[in-house]
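# Coordinate analysis (summary)
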Protein chains: 2
Amino acid sequence: MTIAVGAKPSFKEQMLQAREEAIVQTVNRLLAEKGFDAMTVDEVAASVGIAKASLYKHFPSKEDLAAAAMVRVMRSAREFLDTIAPALAPVDKLKAVVRWTLQVQLAGQMPSLPSQNSSLRAALTSSKEYVDQLLEISDTLGGWIEAAQAGGALNAKLPPIAVLYTLYARACDPVLEFLRGGGQHSDEEIVELVLSTCFDGLNAR
Amino acid sequence: MTIAVGAKPSFKEQMLQAREEAIVQTVNRLLAEKGFDAMTVDEVAASVGIAKASLYKHFPSKEDLAAAAMVRVMRSAREFLDTIAPALAPVDKLKAVVRWTLQVQLAGQMPSLPSQNSSLRAALTSSKEYVDQLLEISDTLGGWIEAAQAGGALNAKLPPIAVLYTLYARACDPVLEFLRGGGQHSDEEIVELVLSTCFDGLNAR
DNA sequence: GTCTATAAATAGATAGAC
DNA sequence: GTCTATCTATTTATAGAC
């Protein structure tokens, strides 16, 4: 039995992971399209092209499916943070992150979960990788927020945690959907509009 | 048969309306607590204290229940608009509306509906009173927005419709729930924080 | 109109053969 | 692991007596 860390995965293991990646990708799309409640496991299985029973061999519950999708998104976000130029001003780093978030949402890749569902919360918080990624992201953003406040770029009167929550909330901002439905603006314009209202506010300057 | 407009309702009619008001009030609370998908009709009936079949005599479907709750909220919002002092600056009128919205949400009185559900959308758009109230509210807010932009209070570069959507989005802002969960701020502080980030933005001024 | 009882449909999850 | 077929529970909605 091979337990070496980073050992070359066998062909079988590669196939398994590829299939699971396909599953999670499908779940991610469906969660973005319809949300957790409206997404059915039958639908996931049909969309992936396997039997529902097979799906349950990979993921023990619907909640675990959603958690896997969230882990995927968090990892993706975490990786994006690493691509941000360190020389950038903290506030510009934050803007870059929010812009990335908005683009993911417009691309139909941002899973939407009900924040009240307790079994779902349990699945999320019991996922070590999810919690780890979330903590790491929050730490990084928190550092940028405090730096931006110290540097006079961000309003220093706002509690950093409130700023962080406000940025996180952009990931599920319904304004994007509203504006797109209006059909008057391109995706790029929508992103910049929301970015502007988020950082500059509605008031004139 | 009495069809006179504004005719004095009979005792029976008053009882009927009182019961329906009790139903809608319960639905409103449950929609605020758990959202449309998680709310069950059984639950509504049990909470009101009547049989489910009786409930269906009043409202033909779950969607109609939710629509009735939304009509109630919209009427309430519409009535609030009338209480705003006409002498107030347009931007302050807008702030008053958003503040009211945030307070309703914190009071657990703001129903939350999935924006993607099509049967629900159909029930809403087929309700004349809902559509009428929404249009009237949007007209009023739209007028204030344009006046505030013309007066130099609101950023005139933002499309009025984007401003309107941004204000509407505060009615379901998850930041309220996040901040309350943190336990570090009172409800009043939370309201003012969100108001501040909405109108003044995150950036320093 | 209110009730009890039940229909009808759906969804999450499993059994068991291969 | 994948499949077909099924279970179990829940949910929306109704039938029918009173």
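Residues numbered from 1 in each chain as written. Chains lettered and ligands numbered in written order. Predicted model: local features only at pLDDT ≥ 70, side-chain atom pairs only at ≥ 80, totals over all residues. Heavy atoms only, no water.

As a further point, take the interface of chain B and chain A. Listed as interface residues are 42 residues of chain B and, on the opposing side, 42 residues of chain A. Between chain B and chain A, a total of about 3400 Å² is buried, with carbon and sulfur atoms accounting for 60% of that surface. At the junction of chain B with chain A, the criterion picks out zero salt bridges. Linking chain B with chain A are 18 residue pairs in polar contact (both at pLDDT 80 or more). Looking at the side of chain B that touches chain A, the element that brings in the most residues is helix α8 (residues 160-169) of chain B, giving seven residues. For the side of chain B that touches chain A, the residue count by class is 21 nonpolar, 12 polar and nine charged. (Contact = heavy atoms within 4.5 Å. Buried area = accessible area lost by both parts, 1.4 Å probe. Salt bridge = Lys/Arg side-chain N within 4 Å of Asp/Glu carboxyl O. Polar contact = N/O pair within 3.5 Å; in protein donor to acceptor, adjacent residues only side chain to side chain. Helix = DSSP H or I, 4+ residues; strand = E, 2+ residues; numbered from the N terminus. Nonpolar A, V, L, I, M, F, W, Y, C, P; charged D, E, K, R; others polar.)

Okay, the UniProt feature "DNA-binding region" (unreviewed entry) in chain A next. Per the UniProt record, the feature "DNA-binding region" (unreviewed entry) sits at residues 40-59 of chain A. With 75% helix and 0% strand, the stretch residues 40-59 of chain A has end C-alpha atoms that lie 14 Å from each other. (UniProt positions renumbered as here; feature names shortened; annotations may be inferred.)

This brings us to helix α9 (residues 174-182) of chain B. Within α9 of chain B, the full set of buried residues consists of Pro174, Val175, Leu176 and Leu179 of chain B. Those residues of α9 of chain B that are buried lie in contact with α8 (160-169) of chain A together with α5 (90-106) and α10 (187-199) of chain B. N-capping of α9 of chain B is provided by aspartate 173 of chain B, with a side-chain oxygen placed 2.9 Å from the backbone N of valine 175 of chain B. (Buried < 20%, exposed > 50% of the residue type's maximum accessible area, 1.4 Å probe, protein only.)

This next bit is on the UniProt feature "domain: HTH tetR-type" (unreviewed entry) in chain A. Cross-referencing UniProt, the feature "domain: HTH tetR-type" (unreviewed entry) maps to residues 17-77 of chain A in the present numbering. Overall, residues 17-77 of chain A shows 87% helix and 0% strand. The separation of its end C-alpha atoms is 21 Å.

Right, let's talk about the packing of aromatic side chains for a bit. One pass over the structure, following the stated rule, counts four aromatic pairs over all chains. Measuring from ring centre to ring centre gives 5.2 Å for tyrosine 165 of chain A and phenylalanine 178 of chain B, while their planes differ by 50°; the resulting arrangement is tilted. Of the two residues, tyrosine 165 of chain A sits in helix α8 while phenylalanine 178 of chain B sits in helix α9, which places them in two different chains. The exposure class of phenylalanine 178 of chain B is partly exposed, given its relative accessible area of 31%. Lysine 62 of chain A extends its terminal NZ or CZ atom over the ring of phenylalanine 36 of chain A, reaching a point 4.4 Å from the ring centre. (Phe/Tyr/Trp six-rings, centres within 6.5 Å; stacked < 30°, edge-to-face > 60°. Lys NZ or Arg CZ within 6 Å of the ring centre and 35° of its normal.)

Take the protein's contact with DNA strand C next. Taken together, 15 residues sit near DNA strand C, with Lys52 and Lys62 of chain A together with Arg19, Ala51 and Ser54 of chain B positioned nearest. One nitrogen or oxygen atom from the side chain of serine 54 of chain B is found 3.0 Å from a phosphate oxygen belonging to DNA strand C. Counting residues per element, the ones that place at least two in the surface near DNA strand C are α3 (52-58) of chain A together with α3 (52-58) of chain B. Sorting elements by how many residues they give to the surface near DNA strand C places α3 of chain B first, with four residues. Across the surface near DNA strand C, the residue classes tally to seven nonpolar, four polar and four charged. (Near = heavy atom within 4 Å.)

This brings us to the nonpolar core. If you look at the biggest cluster of nonpolar residues, it comprises 90 residues, and the most contacted ones within it are Leu154, Leu167 and Phe199 of chain A together with Leu154, Leu167 and Phe199 of chain B. When sequence neighbours within four positions are dropped, the list of residues in contact with leucine 154 of chain B reads Leu202, Asn203 and Ala204 of chain A together with Val91, Leu94, Ile145, Ala148, Gln149, Val163 and Phe199 of chain B. (Core = buried A, V, L, I, M, F, W, Y, C linked by side-chain atoms within 4.5 Å.)

A few words now on the environment of leucine 179 of chain A. Residues and elements named next belong to chain A. Residue placement: leucine 179 occurs in helix α9 (residues 174-182). Using a relative accessible area of 3% as the deciding quantity, one classes leucine 179 as buried. Along the sequence, leucine 179 and proline 160 sit 19 residues apart, while their C-alpha atoms lie 29 Å from each other.

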